[in-house]
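Listed below, chain by chain, are the residues.
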Amino acid sequence: MRELIFGTDWWTDCDDLAALRILLSAHKKGEIKLLGVGINACMRYSAASVDGFINLHGVKDIPLGIDLNATDFEGTHHKYQKTLSSSAVKYKRNEDAEDAVHLYRRLLSESKGEVEIVEVGFLQVFADLLMSEPDDISPETGLSLVRSKVKKVWVMAGKWDEDGGKEHNFCNNPRSIRGGEIFCEMCPVPVTFLGFEIGIKVVSGDKLSHDDFLYKSFCEHGSENGRYSWDPMTALMAVIGDEERAGYDTVQGKARLDGTTGKNYFTEDKNGLHKYVKMKLSPHCYADMINSRID
């Protein structure tokens, strides 16, 4: 069974919730095994709201990690985080979760096979993983662990329909710019990016039952009529495990992030480790695919 780790900002938007539902549903059906969740933005109810969301799905024993220093991102906190936190069991405080880099290192070192990582937030945790040194968890560096244990990384970041594009996950603040720059430069395994220009064309979550706690979370976010689908599109592509079968064409090459401006660039190269996706279906097709997974 394919094993996945999920990295999320779980901060200002509700599309992270739809993405995690897709992963939890696939986990419950035995399509994948969700090894853990790393939270790369930190506000009062971060760990508790993720724990509550997972518990409401009837899933147990998914470990959480968090970057406790990641309190400096711009954005508005929404009521759904406090609401979901009331269902927390194990992680009632952020301090109850592991350090996110520690979690990644532990899950990778413990895995007997290859792991795939889905990142839909800021990339400073992954960057710190790549730069981490040997410790009591593993005698390997983070770079070595990723090279030996990670098969592929699926990332929601960038704006790839223009050279020098700027996108939230890459350029929110100096922390996210640094993380994205290091990730693009150092990640030693294949990466597929789904960019801003893709998710902005697809609205999903508009068919949810009004009794569904995910719908209530969307309402508390102000998205009762659905939300743009950056994160669930990335999560679903990862669950399917193949860009073409998920409905995308790809451009292969090398991604780069300017460490000063946060602008992203892409050089095409048939031997490059990076890809970004281009839609080959109608927006309604992608929305239907997501809605069928989250209803």
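Structure's up top.
Computed from a prediction, not measured in an experiment: that's the story for all the values here.

1. A short note on the environment of G247
Consideration 1: Inspection of the secondary structure puts G247 in the loop between α11 (230–240) and β10 (248–257).
Consideration 2: Separated by 129 residues in the primary sequence, G247 and V118 have C-alpha atoms spaced 18 Å apart.

2. With respect to the nonpolar core
Consideration 1: Ranked by internal contacts, the top residues of the largest apolar core, which has 62 residues, are F6, L20, V37, I54 and Y248.
Consideration 2: Sequence-distant contacts of I54, that is, excluding residues within four places in its chain, are made with L20, L24, V37, V59, I62 and L64.

3. Considering the pairing of strand β2 (residues 32–39)
Consideration 1: Taken across its eight residues, β2 has seven buried, putting it largely inside the fold.
Consideration 2: Here seven bridges tie strand β1 (residues 2–8) to β2, and the two strands are oriented parallel to one another. The residue bridging I5 from the neighbouring strand is G36, located in β2.
Consideration 3: Handedness of the crossover joining β1 and β2 through helix α1 (residues 15–29): right-handed.
Consideration 4: The sheet contact formed by β2 and strand β3 (residues 64–66) spans three bridges and is parallel. The residue of β3 that forms the bridge with V37 is L64.
Consideration 5: This β-α-β element, β2 to helix α2 (residues 46–56) to β3, shows right-handed connectivity.

4. Some words on the sheet that holds strand β12 (residues 274–279)
Consideration 1: Judged by pairing direction, the sheet is mixed, and its 10 strands sit side by side in the order β4-β3-β2-β1-β5-β6-β7-β12-β10-β11 without closing on themselves. In the strand order of this sheet, the two ends are held by β4 (98–99) and β11 (264–268), each with one partner.
Consideration 2: Where β10 and β11 come together, five bridges link them in antiparallel fashion. Looking at the pairing, K254 lines up with T267 of β11.
Consideration 3: Contacting β2 and β3, α2 crosses the sheet at an angle of about 160 degrees to β3.
Consideration 4: Lying over the sheet, helix α8 (residues 174–186) contacts β6 (150–156), β7 (191–194), β10 and β12, oriented at roughly 110 degrees with respect to β10.

5. Structural notes on the packing of aromatic side chains
Each pair of aromatic rings is reported with the distance of its centres and the angle of its planes.
Consideration 1: According to the stated counting rule, one finds 13 aromatic pairs in the structure shown.
Consideration 2: Relative to F170, the ring of W160 has its centre 6.3 Å away and its plane inclined at 85 degrees; by these criteria the two rings are edge-to-face. Separated by 10 residues along the polypeptide, W160 in the loop between β6 and α7 (168–171) and F170 in helix α7 bring together distant segments of the chain. For the pair W160 and F170, a shared accessibility class is recorded, and that class is buried.
Consideration 3: For the pair Y248 and Y286, a centre-to-centre distance of 5.1 Å together with 25 degrees between the ring planes defines the contact as stacked. Here Y248, found in strand β10, pairs with Y286, found in helix α12 (residues 283–294); they are 38 residues apart in sequence, far enough to count as distant. We note that Y248, like Y286, is buried.
Consideration 4: A network of ring pairs unites the aromatic residues F126, W160, F170, F183, F193, F266 and Y276 as a single cluster.
Consideration 5: A cation over a ring is seen here: R21 above F213, with NZ or CZ 5.0 Å from the ring centre.
Consideration 6: Positioned over the ring face of W154 is K152, at 4.8 Å from the centre of the ring.

6. Topic: helix α5 (residues 124–131)
Consideration 1: By the criterion of burial, α5 is predominantly enclosed, with six of the eight residues buried.
Consideration 2: Among all positions of α5, only Q124, V125, F126, A127, L129 and L130 are buried.
Consideration 3: On its buried face, α5 sits against α4 (100–110), β5 (115–119), α6 (142–149), β6 and α8.

About the cut-offs
Numbers given to residues run from 1 along each chain, matching the order in which its sequence is written. Owing to the predicted nature of the model, reporting of local features is limited to residues with pLDDT of at least 70; listing and counting of side-chain atom pairs is limited to 80 or more, with chain, interface and lining totals taken over all residues. As a rule here, side-chain values cover all heavy atoms of the structure and leave hydrogens and water aside. Here a strand is any run of E in DSSP of at least two residues, a helix any run of H or I of at least four, and the numbering for each starts at the N terminus. As used here, the term nonpolar core means buried Ala, Val, Leu, Ile, Met, Phe, Trp, Tyr and Cys residues forming a set that is joined through side-chain atoms within 4.5 Å. Between buried and exposed lies partly exposed: a residue is buried under 20% and exposed over 50% of the maximum accessible area for its type, with that area taken using a 1.4 Å probe on protein chains only. Every residue pair with non-hydrogen atoms within 4.5 Å of one another is taken to be in contact. Pairing between strands is defined by DSSP: at least two bridges between them are needed. Place the viewer so that the strands point away; then a crossover is right-handed whenever the path from the first strand over the helix to the second strand goes clockwise. A fitted line through C-alpha atoms serves as each axis, taken over the contacting stretch for helices, and the angle formed by two N-to-C directions is quoted from 0 to 180°. Only Phe, Tyr and Trp rings take part, Trp by its six-membered ring, and two of them pair if their centres are within 6.5 Å. Stacked means planes under 30 degrees apart, edge-to-face means over 60, and tilted covers everything else. Should the NZ of a Lys or the CZ of an Arg lie within 6 Å of a ring centre and within 35 degrees of the ring normal, that charge is described as sitting over the ring.

Coordinates in, geometry out; function isn't part of it.
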